[in-house]
There are 6 protein chains.
Amino acid sequence: MSKIAIFPGSFDPFTKGHEDIVRRSLPLFDKVIIAIGNNAQKNRYFEIDYIIPKIESCFEKTDNVEVKVFKGLTAEFAKESGAQFLIRGLRNTTDFEYENSISQANKYLWKDLETVFMITSPHLAYISSSLIRDIHKYDGDVSGFLPYKI
Amino acid sequence: MSKIAIFPGSFDPFTKGHEDIVRRSLPLFDKVIIAIGNNAQKNRYFEIDYIIPKIESCFEKTDNVEVKVFKGLTAEFAKESGAQFLIRGLRNTTDFEYENSISQANKYLWKDLETVFMITSPHLAYISSSLIRDIHKYDGDVSGFLPYKI
Amino acid sequence: MSKIAIFPGSFDPFTKGHEDIVRRSLPLFDKVIIAIGNNAQKNRYFEIDYIIPKIESCFEKTDNVEVKVFKGLTAEFAKESGAQFLIRGLRNTTDFEYENSISQANKYLWKDLETVFMITSPHLAYISSSLIRDIHKYDGDVSGFLPYKI
Amino acid sequence: MSKIAIFPGSFDPFTKGHEDIVRRSLPLFDKVIIAIGNNAQKNRYFEIDYIIPKIESCFEKTDNVEVKVFKGLTAEFAKESGAQFLIRGLRNTTDFEYENSISQANKYLWKDLETVFMITSPHLAYISSSLIRDIHKYDGDVSGFLPYKI
Amino acid sequence: MSKIAIFPGSFDPFTKGHEDIVRRSLPLFDKVIIAIGNNAQKNRYFEIDYIIPKIESCFEKTDNVEVKVFKGLTAEFAKESGAQFLIRGLRNTTDFEYENSISQANKYLWKDLETVFMITSPHLAYISSSLIRDIHKYDGDVSGFLPYKI
Amino acid sequence: MSKIAIFPGSFDPFTKGHEDIVRRSLPLFDKVIIAIGNNAQKNRYFEIDYIIPKIESCFEKTDNVEVKVFKGLTAEFAKESGAQFLIRGLRNTTDFEYENSISQANKYLWKDLETVFMITSPHLAYISSSLIRDIHKYDGDVSGFLPYKI
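For clarity, every value in this text was computed on a predicted model and none was experimentally measured.

## Remarks on the overall build of chain A
From N to C terminus, chain A includes five helices and five strands. Taking the principal axes of the C-alpha coordinates as reference, chain A spans close to 45 × 35 × 30 Å. Sequence separation of 24 or more characterises 79% of the internal contacts of chain A that already satisfy a separation of 6 or more. Surface accessibility of chain A: about 6400 Å² in total, with carbon and sulfur atoms responsible for 49%. A distance of 1 Å separates the average location of the 19 positive side-chain charges in chain A from that of its 20 negative side-chain charges.

## Some points on the interface of chain E and chain A
Many descriptions give the size of an interface as the accessible area lost when the pieces come together. Counting residues at the interface gives 25 residues for chain E, matched by 25 residues for chain A. In this assembly, chain E packs against chain A so that about 2100 Å² is buried in total across both faces, 68% of it on carbon and sulfur atoms. Taken together, the connections running from chain E to chain A amount to two salt bridges. Among the ionic pairs, A:Glu114 bridges to E:Arg24, the shortest N-O distance being 2.7 Å. At the level of secondary structure, the elements contributing two or more residues to the side of chain E that touches chain A comprise strand E4 (85–90), helix H4 (93–109) and strand E5 (114–119) of chain E. Top contributing element to the side of chain E that touches chain A by residue count: H4(E), with eight residues.

## Examining the packing of aromatic side chains
Two aromatic rings, taken as a pair, are described by how far apart their centres are and by the angle between their planes. For the structure shown, the criterion picks out 57 aromatic pairs over all chains. Members of the aromatic cluster, each reached through a chain of ring pairs, are A:Phe7, A:Phe11, A:Phe14 and A:Phe59.

## A closer look at the UniProt feature "site: Transition state stabilizer" in chain A
Residue and element names in this part refer to chain A. Mapped onto this numbering, the UniProt entry gives "site: Transition state stabilizer" at His-18. Following the sequence through the fold, His-18 ends up in helix H1 (residues 16–25). Its relative accessible area of 18% is what places His-18 among the buried residues. Ignoring sequence-local partners within four residues, the contact set of His-18 consists of Phe-7, Phe-11, Pro-13 and Ser-129.

## Things to note about the side chain of C:Ser121
All names here are of chain C. With respect to the secondary-structure elements, Ser-121 resides in the loop between strand E5 (114–119) and helix H5 (129–137). Accessibility expressed as a relative area gives 15% for Ser-121, which makes it buried. In this view, Ser-121 contacts Asp-20 and Arg-24; residues no more than four positions away in its chain are not counted.

## Focus: the packing of helix H4 (residues 93–109) of chain D against helix H4 (residues 93–109) of chain F
Two quantities define a packed helix pair, namely the angle between the axes and the distance from one axis to the other. For the pair H4(D) and H4(F), the least separation of the axes is 10 Å and the interaxial angle reads 125°. By the criterion of interaxial angle, the relationship of H4(D) to H4(F) is oblique. For the pair H4(D) and H4(F), the sense of crossing is right-handed. Of the residues in H4(F), those touching H4(D) at D:Thr93, D:Phe96 and D:Glu97 are F:Thr93, F:Phe96 and F:Glu97. Here the contact of H4(D) with H4(F) is composed, by residue class, of two nonpolar, two polar and two charged.

## Some thoughts on the relation of the copies chain D and chain A
Mapping chain D onto chain A leaves a residual RMSD of 0.0 Å; the transformation is a rotation of 120° accompanied by 0.0 Å of translation along its axis. Both copies are brought into coincidence by an operation consistent with a three-fold rotation axis. Measuring from the rotation axis to each C-alpha of chain D, the shortest distance belongs to D:Thr94, at 4.1 Å.

## Points about the relation of the copies chain E and chain A
In the superposition of chain E on chain A (RMSD 0.0 Å, axial shift 0.0 Å), the rotation amounts to 180°. Classification of the inter-copy transformation places it as that of a two-fold axis. Rotation axis and chain E: the residue whose C-alpha lies nearest the axis is E:Phe117, separated from it by 2.4 Å. The fraction of interface residues of chain E whose copies in chain A are also interface residues reaches 100%, indicating that both copies meet through the same surface.

## Focus on the interface of chain D and chain A
If you look at the interface, chain D gives 12 residues, while chain A gives 15 residues. Of the roughly 1200 Å² buried where chain D meets chain A, counting both sides, 59% is carbon and sulfur surface. When the buried surface of chain D facing chain A is broken down by residue, D:Leu73, D:Glu97 and D:Tyr108 rank first, second and third, together holding 45% of it. Counting the contacts that link chain D with chain A gives zero salt bridges. At the surface where chain D touches chain A, the tally comes to four residue pairs in polar contact (both at pLDDT 80 or more).

## Some thoughts on the pattern of salt bridges
Following the criterion strictly, the structure yields 65 salt bridges over all chains and no others. For B:Asp134, the salt bridge goes to B:Lys137, with nearest N and O atoms at 3.3 Å. Remark: B:Lys137 and B:Asp134 occur in helix H5 (residues 129–137); sequence separation between them is three residues, near one turn of the helix. Among the residues examined, B:Asp134 registers a relative accessible area of 41% and is labelled partly exposed. When its relative accessible area of 33% is taken as the criterion, B:Lys137 is described as partly exposed. Two residues, D:Glu114 and D:Lys107, come together in a salt bridge whose shortest N-O distance is 2.9 Å. Each of A:Asp20, A:Arg24, E:Lys107 and E:Glu114 takes part in salt bridges that share partners, so that together they form one network.

## Observations regarding the pairing of strand E5 (residues 114–119) of chain A
All names here are of chain A. Counting buried positions along E5 yields six of six residues, so the element is predominantly enclosed. Alignment of strand E4 (residues 85–90) against E5, held across six bridges, turns out to be parallel. Looking at the pairing, Phe-85 lines up with Glu-114 of E5. Following the backbone out of E4, through helix H4 (residues 93–109) and into the adjacent parallel E5, one traces a crossover that is right-handed.

## Quick notes on helix H1 (residues 16–25) of chain F
Structural remark: α-helix, 3.6 residues per turn; residues separated by three or four positions point the same way. Of all the 10 residues making up H1(F), eight are buried; the element is thus mostly covered by neighbouring parts of the structure. Every buried residue belonging to H1(F) is among F:Gly17, F:His18, F:Glu19, F:Asp20, F:Ile21, F:Val22, F:Arg24 and F:Ser25, and all of these are buried.

## Overview of the environment of C:Lys68
All names here are of chain C. Tracing the backbone shows Lys-68 in strand E3 (residues 65–70). Residue class for Lys-68 comes out partly exposed when judged on its relative accessible area of 33%. For the pair Lys-68 and Gln-84, spaced 16 residues apart in sequence, the C-alpha to C-alpha distance is 16 Å. If near-sequence neighbours (up to four positions away) are discounted, Lys-68 is found in contact with Ile-33, Ile-34, Ala-35, Ile-36 and Phe-77.

Conventions and cut-offs
- Residues numbered from 1 in each chain as written.
- Chains lettered and ligands numbered in written order.
- Predicted model: local features only at pLDDT ≥ 70, side-chain atom pairs only at ≥ 80, totals over all residues.
- Heavy atoms only, no water.
- Helix = DSSP H or I, 4+ residues; strand = E, 2+ residues; numbered from the N terminus.
- Contact = heavy atoms within 4.5 Å.
- Areas by Shrake-Rupley, 256 points an atom, 1.4 Å probe, with all protein chains shown as cover.
- Lys, Arg positive; Asp, Glu negative; His and termini not counted.
- Charge placed at Lys NZ, Arg CZ, Asp CG, Glu CD.
- Buried area = accessible area lost by both parts, 1.4 Å probe.
- Salt bridge = Lys/Arg side-chain N within 4 Å of Asp/Glu carboxyl O.
- Phe/Tyr/Trp six-rings, centres within 6.5 Å; stacked < 30°, edge-to-face > 60°.
- UniProt positions renumbered as here; feature names shortened; annotations may be inferred.
- Buried < 20%, exposed > 50% of the residue type's maximum accessible area, 1.4 Å probe, protein only.
- Axes fitted to C-alpha atoms, helices over the stretch in contact; angles between N-to-C directions.
- Parallel < 35°, antiparallel > 145°, perpendicular 65-115°, else oblique.
- Left-handed = near helix turned anticlockwise from the far one by under 90°.
- Nonpolar A, V, L, I, M, F, W, Y, C, P; charged D, E, K, R; others polar.
- Least-squares fit on C-alpha atoms with pLDDT ≥ 70 in both.
- Polar contact = N/O pair within 3.5 Å; in protein donor to acceptor, adjacent residues only side chain to side chain.
- Pairing = 2+ DSSP bridges.
- Right-handed = clockwise from strand over helix to strand, strands pointing away.

So, in structure tokens, the structure goes:
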């Protein structure tokens, strides 16, 4: 049975921190699906149709990475995708407490779903999508945070 | 003088984690008032009139639990209710830092009000009202989180 | 049934932070037993026979406080003392994580034992017995940390 | 070269905790600029024109404190003001994780900008602008939190 | 290339929390080596020769688990064992901060070594080897913490 | 009045993380004294006479850095040295909680002593003296952690 993991998030935008986790997790899985949650209630800063090709451009030379969009519950999308694993990055203790709850909720929703964590590389651990949006809003240079040009 | 405690919150919804704290605190107090804060600025997901009977149903056989709704400051409602104690649950370090500030603010507002804490039972510690609302919004099964049917 | 709580610790020495928690918990209980754990493996800095009268001196005018010494497991001493409650202070997140484990272990050892927490008053939250021992070792003035003279 | 630091924030309102950090940092710098970020997206509770004179009133007898308003990125305002330092207060671990990311982002935006921290005095560490707004909204007494009358 | 992970520790003793992480990680790897660090400076409470058969008894019916003893650096033992992965459990924020440093040190010692984390199941998260030793020292019942009889 | 800071520690050994904090603090002060605490109770791994020249070698070209050894309380050494400031690095939340207590104890011992913090650069934040001693004990390569050869 092939080992499939989903890497879920809103990726608004997809950062070097996200890329770090995907690349480091690839040796563990046969396929990693970068799953963009399309949450209707949230107004995105970077549109989904703008972000998908950007993310795909990062993994052109990597054949076991796919980019998909989903609505609804992450656990259900994992089940539909045949993914028994969920991969997540941890940057600090605030992330840990949040992810601790989410991973148990996902386990409640689908008992076979295992969340596997990696600690984000230290030089990328301060990067977050919200920080990038704040800096970009005031015309700050965000190029150092993104694995593609915007 | 009877020992009265209030257990304040928005309870949107009231969870098994909340119930855990109320039941475990009952031996400490003569009466526990579950105090639903009716904060006009916040759009509730579960209406207050829907939640009150649900909470009451959990404690039908428990005579020293009351359910009340209040507006304004928790410390003032405690004073009006003759409650010298405030009971709160702690799930993780994020809760601790938040509750540390709130309990000192309540002490500032009414110096005789003592906040007493219990650590939420570990198998319930990942449950939060916001998590339940997120899952419920996408038709996920939240029955395992609630001590009543919805 | 009277409400008895034990306040366990090595109290090497008993600090103003400890006194803060005992005094603030008294309205909750009929009796609070300050339980000094006499752990043979640990070399005490302040001998137990020196500390007992010092602690007792703090509560001379308080009739529902007792000072006892015990060996072995806290949960067992609580059961022997007829105490259904254990009272503990929380100063910061490091305390929270430690106390979270200990309170669950005590619940495992005696399911009827409930640990009740209070957050230490902020101006006393930096005080610890080990800090006092370090300062005292180098002839520093520790009088501000202790509710009695040494 | 004179040592200039900016103390940035939205200061909605400016609290005794903020004042504590400014006063304790003054011996370190030749000038401290209290920099009020005027973020158009955020609806202020206390208008900027109301807050400026209040803050200035706190430092009437202190000649090396200025109050300025800025738009956009903190790092850029620091550069324009000739400030090589940014001074921030830390109240708890939640602050620490947030400030850790922000200080690295500011270093990314301007490598010569050094963020210097002080730990807020314990009796003021529970005070936050959001807590004050919540209490003020319900006509609670916030005078103990503010270094000026409102 | 087969995916080998080592699960390093002193395992003094090996707990249900350790077992939880090994079992949940098995679907990720072709082989998991439970690697007991034999640190000469530390006086063990449970001798290594006593613990090895106990651990092996837990995985009799599991063919891709081995138990080995090693001296020296974990990263070097991983390299010698052909293991590109290190699997570790996370119980709380104290664990997170410790493991964050250790995983980066291991990456420094062998850049190809990736540490993969899982969050310990909540009902086991309070268990630690040191807690078990403390309880066992005072003849407390530790059977609920161990996946084998002692 | 010249601005003097002490940077206290046991420095067993002095690491790149320590060096990072000293260098980044130099623009703030007229002089920084690297103060090695000579705690008789602790067996050092690297002798003080071995470490002093190593630290001095790091700052040969920096005229406002001194290296001194002291016994007893840090606050008293600061007072004797005419240092109104204490500079400390913060790597994570565990450091923060520890330093929060220590800085308040130092303020209690000498009210004019202000502790100023900087957050350690992320790529150095995992380094600790104890980690280096552990790796060095097993002949691991610690050169990447030290700003001098050993």
